[in-house]
Amino acid sequence: MCGIAGLLNFSGRIPVEDVSRLVREMTGLAVHRGPDDEGYWNDPTGRVALGHRRLSIIDLSVNARQPMLDHSGRYVGLVNGEIYNYQSLRRILDQEGIHLKSQSDSEVLINLFSLLGEKALQLVDGMFAVAIYDTREKSLFLARDAGGEKPLYFVKSNEFFAFSSELTQLLPLCPNHMSLDLCEEALTLYFTLRYVPAPRSILKDVAKLEPGTHIKVRKDGEIITTRWFEFSIDSDANLDHAPSIDSAADEVEDLLSQSISDRFIADVPVGVFLSSGIDSSLIAAIAAKKLGKSVKTFSCGIDGDPNSEHQIARDTAEYIGAAHFERMLNPSHFERIIENIGATLDEPNGDRSCVPTRLLSNFAKEKVTVALSGDGGDELFAGYSRYLAFSKNTADPQQIDARKIIETYFTKSLPVFPLTSVKGFFNSSSRTLDEFVAGLEPIFTHPGRSFVDSLRLLDFHTYLPGAVLSKVDRMSMQDSLEVRSPFLFRPLIDWASRQSPYYMVHGNVLK
């Protein structure tokens, strides 16, 4: 897990020394993301500079320092994140006679790209934001993982292209190369969703790379955008030929076990975030009882709150034999975090669990550098109670307008401000909200797709990356803690996309 930054100087109008200085300043603003090491690479002509802050997880030696050159010396790469199946991918490189200098997963990805190009992404199981510069073509390749676990911001003008892991890393470009003007369209979306969805950011000049997308920035500044992954649910399977619940559960267990095993690979201590929910409990239980891992679990409770989850988490940890660590929180803990929450968030996020996630990450970092979480399970397997309530209170989606369904869902099930109120206040940018909703309509018009499937597909593409994963990334990385999500395992995502909603919602039983 790391912080990355880079700058391409198209026109040559930015002096060579300024290109290097700006990237060093941008990289320096991500020390919390990578406190263990730093590295830089500069093109001698001043056309490009790349910077990296490293949180050492796999191969703690200087051999794994980034930026990294591939075996041929043509490509220079930066990776923020982890490639969990890097050991099997390394064998592909070995068979091609490509020998690496480190045991790093990042070096595997960079060399796999040099071998296969963008097709390499289809073989990767991981969370990542990657930047690879082609010294021959003078082009830059940027890619983001399938679920949107790792962030990637960028800004482009006629003179340059810059990118970074966090929005605040771009501040050195102000005011000479970038403005701090807020984006009214982004504000419109924020007051509707409580986050700003990609490709927009809260700043007018800055964009976010969308999950499952890569771009190529040519030497003349042209940007070519390609979607390399898209979660799609086509589970209109005939239940007469569907496997039994027990059989389906066994398949999920096998896939999740493989994912958890891979996500325990690290050269630093690994733990598990544990709440009272199904997803984190399942991850901890499989790790301890099936995989035989020595598991450390971490929970926070709220003093005086009858709904605090810490007691159930404590009982779960005791049952599976985990070493459990618990911290009870009081108002003073929250006050200390809230004072600087704006800077911590980087970009506005109204998820109410931001502060508890920060406090849990701070607590867990005392004993581990990596933590597993249950994020993604609710979207893949319909775990949100709002799915059941909304389905019961909404007419057959085949009989009513898709736009009305989406607007009702955002207004009543994910309430921030009603769409009508937002449109009235941001009258000049209300068209943005209409366009956003229109872009989601095909989710509800797919022939044969169930209502529940449409809702989990909607949340996978919007709420999960926009609110949940961005919250976890920002809050955990403030304490240099890497959080891994076993449910966002590509084979498990693919499996979930093919299953009948019968397994997701049955009567009043969810997930």
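Up top is the structure these notes are about.
Here is a short report on the structure shown in this document. (Residues numbered from 1 in each chain as written. Predicted model: local features only at pLDDT ≥ 70, side-chain atom pairs only at ≥ 80, totals over all residues. Heavy atoms only, no water.)

1. A look at the overall build of the chain
At step 1: Counting its secondary structure elements, the chain contains 18 helices and 19 strands.
At step 2: A compact globule built from 511 residues would reach a C-alpha radius of gyration of about 24 Å, and the chain, at 23 Å, matches this within 12%.
At step 3: Overall, the chain is about 65 × 55 × 55 Å in size when its C-alpha atoms are taken along their principal axes.
At step 4: When burial is assessed residue by residue, the chain has 58% of its 511 residues classed as buried.
At step 5: Restricting to contacts in the chain with at least 6 residues of sequence separation, those with at least 24 account for 71%.
At step 6: Distance between charge centroids for the chain: 3 Å, based on 53 positive and 68 negative side chains. (Helix = DSSP H or I, 4+ residues; strand = E, 2+ residues; numbered from the N terminus. Rg over C-alpha atoms; globule rule 2.2 N^0.38 Å. Buried < 20%, exposed > 50% of the residue type's maximum accessible area, 1.4 Å probe, protein only. Contact = heavy atoms within 4.5 Å. Lys, Arg positive; Asp, Glu negative; His and termini not counted. Charge placed at Lys NZ, Arg CZ, Asp CG, Glu CD.)

2. Topic: the sheet that holds strand β10 (residues 206-208)
One key point about sheets: their strands pair by backbone hydrogen bonds, in either a parallel or an antiparallel sense.
At step 1: Spatial strand order, β2-β3-β1-β9-β8-β10: six strands in an open sheet with antiparallel pairing. In the strand order of this sheet, the two ends are held by β2 (37-42) and β10, each with one partner. With strand direction ignored, the average angle separating the axes of adjacent strands in the sheet is 15°.
At step 2: Two elements, β2 and strand β3 (residues 48-54), share six bridges in a ladder whose sense is antiparallel. In the strand pairing of β3, E38 is matched with R53. (Pairing = 2+ DSSP bridges. Axes fitted to C-alpha atoms, helices over the stretch in contact; angles between N-to-C directions.)

3. Notes on a nonpolar patch on the surface
At step 1: Side chains of L29, L171 and L180 sit close together on the surface and give an oily, nonpolar patch of about 250 Å² of accessible area.
At step 2: Along the polypeptide, L29 turns up in the loop between α1 (16-28) and β2. (Patch = residues over 30% accessible without salt bridge, like charges linked within 9 Å, V, L, I, M, F, W, Y side chains within 5 Å. Areas by Shrake-Rupley, 256 points an atom, 1.4 Å probe, with all protein chains shown as cover. Salt bridge = Lys/Arg side-chain N within 4 Å of Asp/Glu carboxyl O.)

4. Some remarks on the environment of A5
At step 1: Relative to the helices and strands, A5 resides in strand β1 (residues 2-9).
At step 2: Under the relative-accessibility criterion, A5 is labelled buried at 0%.
At step 3: Ignoring sequence-local partners within four residues, the contact set of A5 consists of V23, M26, T27, A49, L50, G51, L78, F163, S164 and Q169.

5. Quick notes on the nonpolar core
At step 1: Of all hydrophobic cores here, the largest spans 103 residues; its most connected members are F128, F381, F410 and F444.
At step 2: If we ignore the near neighbours within four places in the chain, the residues touching F381 are V252, R456, F487, L492, W495, A496, M504 and K511.
At step 3: Counting residues in each nonpolar core, the second largest holds 24 residues, with A5, L22, A49 and F160 among its members. (Core = buried A, V, L, I, M, F, W, Y, C linked by side-chain atoms within 4.5 Å.)

6. Some remarks on the packing of aromatic side chains
At step 1: Summed over the entire model, instances satisfying the criterion amount to 22 aromatic pairs.
At step 2: A ring pair is formed by W41 and Y133, whose centres lie 6.0 Å apart and whose planes are at 45°; its orientation type is tilted. Taken as a pair, W41 in strand β2 and Y133 in strand β6 (residues 126-134) lie far apart in primary sequence, 92 residues in all. Of the two residues, W41 and Y133, neither departs from the other in class, the shared state being buried.
At step 3: With a centroid separation of 5.8 Å and 80° between ring planes, the pair formed by Y384 and Y463 is classed as edge-to-face. Placement of Y384 in the loop between α11 (377-381) and α12 (385-393) and of Y463 in helix α17 (residues 463-477) is noted, with a sequence separation of 79 residues between them. Here Y384 matches Y463 in class, with each residue buried.
At step 4: Members of the aromatic cluster, joined through ring pairs, are F390, Y409, F410, F436, F444 and F451.
At step 5: Positioned above the aromatic ring of Y40, the side-chain terminus of R24 is 4.0 Å from the ring centre. (Phe/Tyr/Trp six-rings, centres within 6.5 Å; stacked < 30°, edge-to-face > 60°. Lys NZ or Arg CZ within 6 Å of the ring centre and 35° of its normal.)

7. What about helix α7 (residues 310-320)?
At step 1: Looking at α7, one finds that the buried residues are H310, A313, T316, A317 and I320. Looking down the long axis of α7, one finds its buried residues gathered within 125° of arc, a one-sided arrangement. Looking at α7, the residues exposed on the side facing more than 90 degrees away from the buried face are E318 and Y319.
At step 2: In the stretch just after α7, G321 is the one whose phi turns positive, near 80°. (Arc of directions from axis to C-beta.)

8. Describing the environment of G448
At step 1: Mapped onto the elements of the fold, G448 is located in the loop between α15 (430-440) and α16 (451-461).
At step 2: A C-alpha to C-alpha distance of 8.1 Å links G448 and D234, two positions 214 residues apart in sequence.

9. Notes on the pairing of β3
At step 1: Of all seven residues that make up β3, seven are buried, and the element is covered over most of its length.
At step 2: Here β3 shows two buried faces, one formed by V48, L50, H52 and R54 and the other by A49, G51 and R53.
At step 3: By the bridge criterion, seven bridges tie β1 to β3 in an arrangement that is antiparallel. Looking at the pairing, L8 lines up with V48 of β3.

10. A few points about the pattern of salt bridges
At step 1: Inspection of the entire model under this criterion finds 35 salt bridges.
At step 2: Residue R33 pairs with E166 through a salt bridge whose shortest N-O separation is 2.7 Å. Taken together, the residues R33 in the loop between α1 and β2 and E166 in the loop between β9 (160-164) and α4 (184-193) connect sequence positions 133 residues apart. An identical accessibility class is assigned to R33 and E166; each is buried.
At step 3: Linking E137 and K216 is a salt bridge whose minimum nitrogen-to-oxygen distance equals 2.9 Å. Residue E137 is located in the loop between β6 and β7 (139-144), and its partner K216 is located in strand β11 (residues 213-217); the two are separated by 79 residues in the primary sequence.
At step 4: You can call E137 partly exposed: its relative accessible area is 37%.
At step 5: Note on K216: relative accessible area 30%, which makes it partly exposed.
At step 6: Overlapping salt bridges bring together R33, K150, E166, D346, D473 and R474 as one network.

11. Brief notes about the sheet that holds strand β5 (residues 75-83)
At step 1: Ordered in space as β4-β5-β6-β7-β11-β12, the six strands form an open sheet in which the pairing is antiparallel. Each having just a single partner strand, β4 (68-69) and β12 (223-227) make up the two edges of the open sheet.
At step 2: As defined by bridge partners, β4 adjoins β5 across two bridges and the pair is classed as antiparallel. Counted as the bridge partner of M68 is G77 from β5.
At step 3: Set on the sheet, helix α3 (residues 105-116) makes contact with β4, β5, β6 and β7; between it and β5 the angle comes to about 130°.

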